[in-house]
Amino acid sequence: MIIVMKKEATDLNVESVVTNLENLGLSAHVSKGETLTIIGIIGDKTLLRDKNFELMGGVDKLVPVTESYKLSNRMFHGEPTVVDVGGIPVGGGHFVIMAGPCAVESLEQLMHSANAVKDAGAQILRGGAFKPRTSPYSFQGLEEEGLKYMKTAREETGLKIVCEVTSERSVELAVKYVDILQIGARNMQNFELLKDVGRTKLPVLLKRGLSSTIEEWLNAAEYVMSEGNGNVIFCERGIRTFETSTRNTLDISAVPTIREKSHLPIIIDPSHASGQRHCIAPLSKAGIAVGADGLMIEVHPDPPRALSDGPQSLDPEDFRVLCGELRALAEVLGKAWAAPSSKY
Ligand code: PEP
Ligand code: MN
């Protein structure tokens, strides 16, 4: 249920509705928009029966929210959420690029990647230190050493950093180093892990599960938010379909669908969506055209020698060319290319 306040409602009106809700044992989430204030209610809605909230000062109407996800629901928050990544805005008409190697392999490989993506205009460096690989015999990541290299790259370039976490232990380590915690596709429904990252204050990049519906994805965001962390960014990275010529199938309609259902930002990962280098530029352009708030792209200084996902990584030169084309598109589409952070 949400309570929509009248345009002329005062702060006191809002406060008194919230107090009344809390006295009933319900939790109230106030969202103040430019014109309207909405109070989202979480808890047992039968407690509202016969309470006549519509008669309270400043209240316009009560509207039921039938979906199981509430905090991530657009009804709870009229305006688009802009997630602040250490000064870089994600959402709300800005465009961000998170780029870098699939996995952190060495300090040299990472610094080469970081400088290249920064020069091309990316604002955020990606790099996996905990790698959830299909085979246990594949490279599993450098773990804390990898996080340390990421932090060094951050200090030397000013790029913000995003790393995947795969367990409670990796969350405990990563919070000491990173700006964004990434939940990978394989963990989108690892509810304990979602609650763990929800108890941190860091932005969370929530990838869509390999075979997850949009509703399941929204509920995964709800797990994070219900622990008190509202800084969730969706990432569409392709889903499993019958098609085998690409690694996954990019669900481009996820962007307008999420926009309609949620206030949270959404970016696209054309590397994991396609698994193929030649698809990255066209899918990136499709992503910006369909209204995504940004992209996550794998970039490696020497893709044929990458320890993971070389075939879906761009080399620095191809990435630079792509960023030039995306900047031109951003301008036409009225998207503001986010400035690099001035906060080191
Ligand atoms: C990744 O971004 O490194 C990754 C493993 O992606 P996904 O979880 O989308 O497969
Ligand atoms: Mn990868």
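Please read these numbers as outputs of a predicted model, since none were measured by experiment.

Observations regarding the domain arrangement of the chain
Parsing the chain into structural domains produces domain 1 (2–63) and domain 2 (83–337). Put simply, the middle of domain 1 and the middle of domain 2, counted by C-alpha atoms, are 37 Å apart.

Some points on the coordination of the manganese ion (ligand 2)
The manganese ion (ligand 2) binds to the protein through C102 (SG), H272 (NE2), E298 (OE) and D309 (OD), with metal-donor distances spanning 2.0 to 2.4 Å. In terms of primary sequence, the donors binding the manganese ion (ligand 2) are separated according to C-x169-H-x25-E-x10-D. Of this pair, C102 sits in the loop between strand 7 (94–100) and helix 2 (107–120) while D309 sits in the loop between strand 14 (294–298) and helix 10 (316–333), and the two are 207 residues apart along the sequence. D309 matches C102 in its accessibility class, with the two residues each being buried.

Concerning helix 2
In this model helix 2 runs 20 Å from its N-terminal to its C-terminal C-alpha over 14 residues, within 8% of the 20 Å that 1.5 Å per residue would give. Every buried residue of helix 2 is listed here: Q109, L110, M111, S113, A114, A116, V117 and A120. Residues of helix 2 that are buried sit in contact with strand 7, strand 8 (124–126), helix 3 (144–157) and helix 10. Positive phi appears at G121, one or two residues downstream of helix 2, with a value of about 115 degrees.

Focus: the sheet that holds strand 1 (residues 2–5)
Within the open sheet, the 4 strands sit side by side as 2-3-1-4. Their pairing is antiparallel. Of all the strands in the sheet, the pair left with one neighbour each is strand 2 (27–32) and strand 4 (59–63). Recorded for the sheet is a direction-independent mean angle of 20 degrees between the axes of neighbouring strands. Looking at chain direction, strand 1 and strand 4 are connected through 4 bridges and run antiparallel. Paired with V4 across the two strands is K61, which belongs to strand 4. Against the sheet, helix 1 (residues 11–23) makes contact with strand 1, strand 2, strand 3 (37–42) and strand 4, and its axis sits at roughly 5 degrees relative to strand 3, the strand it touches most.

Looking at the nonpolar core
Residues I97, L206 and F319 are the most contacted members of the largest nonpolar core, which totals 72 residues. If one sorts the elements of this core by residue count, helix 6 (residues 214–225) sits on top with 7 residues. Two domains share this core, each providing at least three of its residues, namely domain 1 (2–63) and domain 2 (83–337). With residues near it in sequence (within four places) discarded, L206 still touches I183, M188, L194, W217, A220, A221, V232, I233, F234 and C235. Among the nonpolar cores identified, the runner-up in size contains 15 residues, and V83, V85, I88 and V96 belong to it.

Criteria and cut-off values
Residues numbered from 1 in each chain as written. Chains lettered and ligands numbered in written order. Predicted model: local features only at pLDDT ≥ 70, side-chain atom pairs only at ≥ 80, totals over all residues. Heavy atoms only, no water. Domains from an automatic or database assignment. Donors = N, O, S within 2.8 Å, 3.2 Å for Na, K, Ca; no water. Helix = DSSP H or I, 4+ residues; strand = E, 2+ residues; numbered from the N terminus. Buried < 20%, exposed > 50% of the residue type's maximum accessible area, 1.4 Å probe, protein only. Expected span 1.5 Å × (residues − 1). Contact = heavy atoms within 4.5 Å. Pairing = 2+ DSSP bridges. Axes fitted to C-alpha atoms, helices over the stretch in contact; angles between N-to-C directions. Core = buried A, V, L, I, M, F, W, Y, C linked by side-chain atoms within 4.5 Å.

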